[in-house]
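Tertiary structure, described
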Amino acid sequence: MKFLDIPTLESISLQLNEDLGDSTLVSRIEAYSCKRVGSDKKLSRSLEQQYCKDKDLAHSQSPSESLSTSPFGPLTEVSGRKTLSYLLSTLNASFHDYDFTRARPEQFSKESVNSVVSKIDSTLSAALNSDYLHMRDKVFKI
(Lines give C-alpha, C1' and ligand atoms only; values in the text may rest on other atoms or scores of the structure.)
Protein backbone atom coordinates (compact mmCIF):
# COMPACT_ATOMS: atom_id res chain seq x y z
CA MET A 1 0.00 0.00 0.00
CA LYS A 2 1.20 3.48 -0.76
CA PHE A 3 0.00 6.63 0.96
CA LEU A 4 -1.75 8.97 -1.48
CA ASP A 5 -1.26 12.66 -0.77
CA ILE A 6 -4.69 14.23 -1.36
CA PRO A 7 -4.81 17.87 -0.17
CA THR A 8 -8.62 17.82 0.25
CA LEU A 9 -8.38 14.97 2.77
CA GLU A 10 -5.62 16.72 4.69
CA SER A 11 -7.66 19.94 4.79
CA ILE A 12 -10.74 18.17 6.17
CA SER A 13 -8.61 16.36 8.77
CA LEU A 14 -7.13 19.64 9.95
CA GLN A 15 -10.58 21.22 10.20
CA LEU A 16 -11.77 18.34 12.41
CA ASN A 17 -8.86 18.74 14.86
CA GLU A 18 -10.08 20.53 17.95
CA ASP A 19 -8.88 21.33 21.48
CA LEU A 20 -11.87 20.44 23.65
CA GLY A 21 -10.44 21.64 26.95
CA ASP A 22 -10.09 18.40 28.86
CA SER A 23 -9.25 16.44 25.69
CA THR A 24 -8.11 16.94 22.12
CA LEU A 25 -9.71 15.60 18.97
CA VAL A 26 -7.09 14.59 16.40
CA SER A 27 -8.37 13.21 13.11
CA ARG A 28 -6.70 11.42 10.23
CA ILE A 29 -8.50 10.95 6.96
CA GLU A 30 -6.11 9.25 4.56
CA ALA A 31 -6.13 7.36 1.28
CA TYR A 32 -3.92 4.48 0.22
CA SER A 33 -3.43 2.80 -3.14
CA CYS A 34 -4.41 -0.85 -3.47
CA LYS A 35 -1.30 -1.66 -5.49
CA ARG A 36 0.72 -4.20 -3.57
CA VAL A 37 4.35 -3.44 -2.77
CA GLY A 38 6.98 -5.87 -1.46
CA SER A 39 5.76 -6.19 2.12
CA ASP A 40 2.12 -6.42 0.96
CA LYS A 41 2.97 -9.25 -1.43
CA LYS A 42 4.83 -11.06 1.34
CA LEU A 43 1.85 -10.68 3.67
CA SER A 44 -0.52 -11.96 0.99
CA ARG A 45 1.66 -15.04 0.38
CA SER A 46 1.89 -15.67 4.11
CA LEU A 47 -1.91 -15.49 4.47
CA GLU A 48 -2.32 -17.90 1.54
CA GLN A 49 0.11 -20.36 3.16
CA GLN A 50 -1.73 -20.09 6.48
CA TYR A 51 -5.05 -20.64 4.73
CA CYS A 52 -3.70 -23.80 3.06
CA LYS A 53 -2.50 -25.13 6.44
CA ASP A 54 -5.85 -24.31 8.08
CA LYS A 55 -7.72 -25.89 5.17
CA ASP A 56 -5.66 -29.09 5.37
CA LEU A 57 -6.16 -29.24 9.15
CA ALA A 58 -9.91 -28.68 8.74
CA HIS A 59 -10.15 -31.53 6.22
CA SER A 60 -8.25 -33.91 8.50
CA GLN A 61 -10.50 -33.12 11.48
CA SER A 62 -13.90 -31.51 11.15
CA PRO A 63 -15.03 -28.67 8.85
CA SER A 64 -13.67 -25.34 10.05
CA GLU A 65 -16.29 -22.67 10.56
CA SER A 66 -13.62 -19.94 10.57
CA LEU A 67 -12.80 -20.74 6.94
CA SER A 68 -16.38 -20.70 5.75
CA THR A 69 -17.48 -17.56 7.60
CA SER A 70 -15.65 -14.34 8.34
CA PRO A 71 -16.36 -10.59 8.20
CA PHE A 72 -14.59 -10.66 4.81
CA GLY A 73 -16.68 -13.42 3.31
CA PRO A 74 -15.71 -17.07 3.13
CA LEU A 75 -11.95 -17.49 3.42
CA THR A 76 -12.39 -20.51 1.17
CA GLU A 77 -12.79 -17.95 -1.62
CA VAL A 78 -9.93 -15.82 -2.95
CA SER A 79 -11.96 -12.60 -2.59
CA GLY A 80 -12.33 -13.04 1.19
CA ARG A 81 -8.62 -13.68 1.68
CA LYS A 82 -7.74 -10.76 -0.62
CA THR A 83 -9.97 -8.37 1.36
CA LEU A 84 -8.34 -9.48 4.62
CA SER A 85 -4.90 -9.00 3.06
CA TYR A 86 -5.80 -5.47 1.87
CA LEU A 87 -7.11 -4.51 5.30
CA LEU A 88 -4.02 -5.79 7.14
CA SER A 89 -1.71 -4.06 4.64
CA THR A 90 -3.61 -0.79 5.05
CA LEU A 91 -3.49 -1.03 8.84
CA ASN A 92 0.27 -1.71 8.72
CA ALA A 93 0.79 1.28 6.41
CA SER A 94 -1.38 3.56 8.58
CA PHE A 95 -0.01 2.59 11.98
CA HIS A 96 3.75 2.08 11.66
CA ASP A 97 4.19 1.38 15.38
CA TYR A 98 2.02 -1.73 15.23
CA ASP A 99 2.20 -5.02 13.37
CA PHE A 100 -1.15 -6.36 12.19
CA THR A 101 0.25 -9.29 10.20
CA ARG A 102 -0.87 -11.81 12.83
CA ALA A 103 -4.38 -10.41 13.22
CA ARG A 104 -7.02 -13.09 12.71
CA PRO A 105 -10.29 -12.62 10.79
CA GLU A 106 -12.35 -13.29 13.92
CA GLN A 107 -10.78 -10.21 15.55
CA PHE A 108 -12.77 -8.03 13.13
CA SER A 109 -16.47 -7.45 12.71
CA LYS A 110 -18.48 -6.43 9.71
CA GLU A 111 -20.46 -3.23 10.17
CA SER A 112 -23.04 -1.64 7.93
CA VAL A 113 -22.18 1.67 6.31
CA ASN A 114 -25.19 3.27 8.04
CA SER A 115 -24.04 2.17 11.50
CA VAL A 116 -20.52 3.50 10.89
CA VAL A 117 -21.82 6.85 9.58
CA SER A 118 -24.21 7.08 12.54
CA LYS A 119 -21.39 6.41 15.03
CA ILE A 120 -19.14 9.01 13.38
CA ASP A 121 -22.01 11.52 13.32
CA SER A 122 -22.87 11.04 17.00
CA THR A 123 -19.25 11.13 18.16
CA LEU A 124 -18.24 14.21 16.16
CA SER A 125 -21.52 16.03 16.82
CA ALA A 126 -21.03 15.55 20.57
CA ALA A 127 -17.43 16.77 20.38
CA LEU A 128 -17.74 19.60 17.86
CA ASN A 129 -21.40 20.62 18.18
CA SER A 130 -22.62 22.74 15.28
CA ASP A 131 -19.12 22.99 13.75
CA TYR A 132 -19.43 19.38 12.65
CA LEU A 133 -22.84 19.90 11.08
CA HIS A 134 -21.31 22.48 8.72
CA MET A 135 -18.55 20.04 7.75
CA ARG A 136 -20.51 16.79 7.61
CA ASP A 137 -21.16 16.92 3.87
CA LYS A 138 -17.46 17.45 3.16
CA VAL A 139 -16.53 14.46 5.33
CA PHE A 140 -18.87 12.04 3.57
CA LYS A 141 -18.70 13.50 0.06
CA ILE A 142 -15.26 12.04 -0.45
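For the structure, see preceding data.
Calculation notes
- Residues numbered from 1 in each chain as written.
- Predicted model: local features only at pLDDT ≥ 70, side-chain atom pairs only at ≥ 80, totals over all residues.
- Heavy atoms only, no water.
- Patch = residues over 30% accessible without salt bridge, like charges linked within 9 Å, V, L, I, M, F, W, Y side chains within 5 Å.
- Areas by Shrake-Rupley, 256 points an atom, 1.4 Å probe, with all protein chains shown as cover.
- Salt bridge = Lys/Arg side-chain N within 4 Å of Asp/Glu carboxyl O.
- Helix = DSSP H or I, 4+ residues; strand = E, 2+ residues; numbered from the N terminus.
- Buried < 20%, exposed > 50% of the residue type's maximum accessible area, 1.4 Å probe, protein only.
- 1 Å grid on protein atoms, 1.4 Å probe; cavity = no way out; pocket = protein on both sides within 12 Å on 5 of 7 lines; lining within 4 Å.
- Points joined across faces, edges and corners; volume = space filled by probe spheres on them.
- Nonpolar A, V, L, I, M, F, W, Y, C, P; charged D, E, K, R; others polar.

In this section: a nonpolar patch on the surface. Taken together, V116, I120 and F140 make up a surface patch of nonpolar side chains, about 200 Å² in accessible area. By secondary structure assignment, the location of F140 is in helix α6 (residues 130-141). On the accessibility criterion, F140 (30% relative accessible area) is partly exposed.

Looking now at the layout of surface pockets. One simple way to see leftover space: roll a probe sized like a water molecule over the atoms. Its boundaries defined by the atoms lining it, the largest pocket holds a volume of some 490 Å³. By residue number, the principal contributor to the lining of the largest pocket is helix α4 (residues 78-94), which donates four residues. Each residue belonging to the lining of the largest pocket can be placed in one class, and the counts come to five nonpolar, two polar and two charged. Residue lining of the second largest pocket: S39, K42, L43, S46, L47, Q50, T101, R102, A103 and R104, and that is the complete set. In terms of residue class, the lining of the second largest pocket is built from three nonpolar, four polar and three charged.

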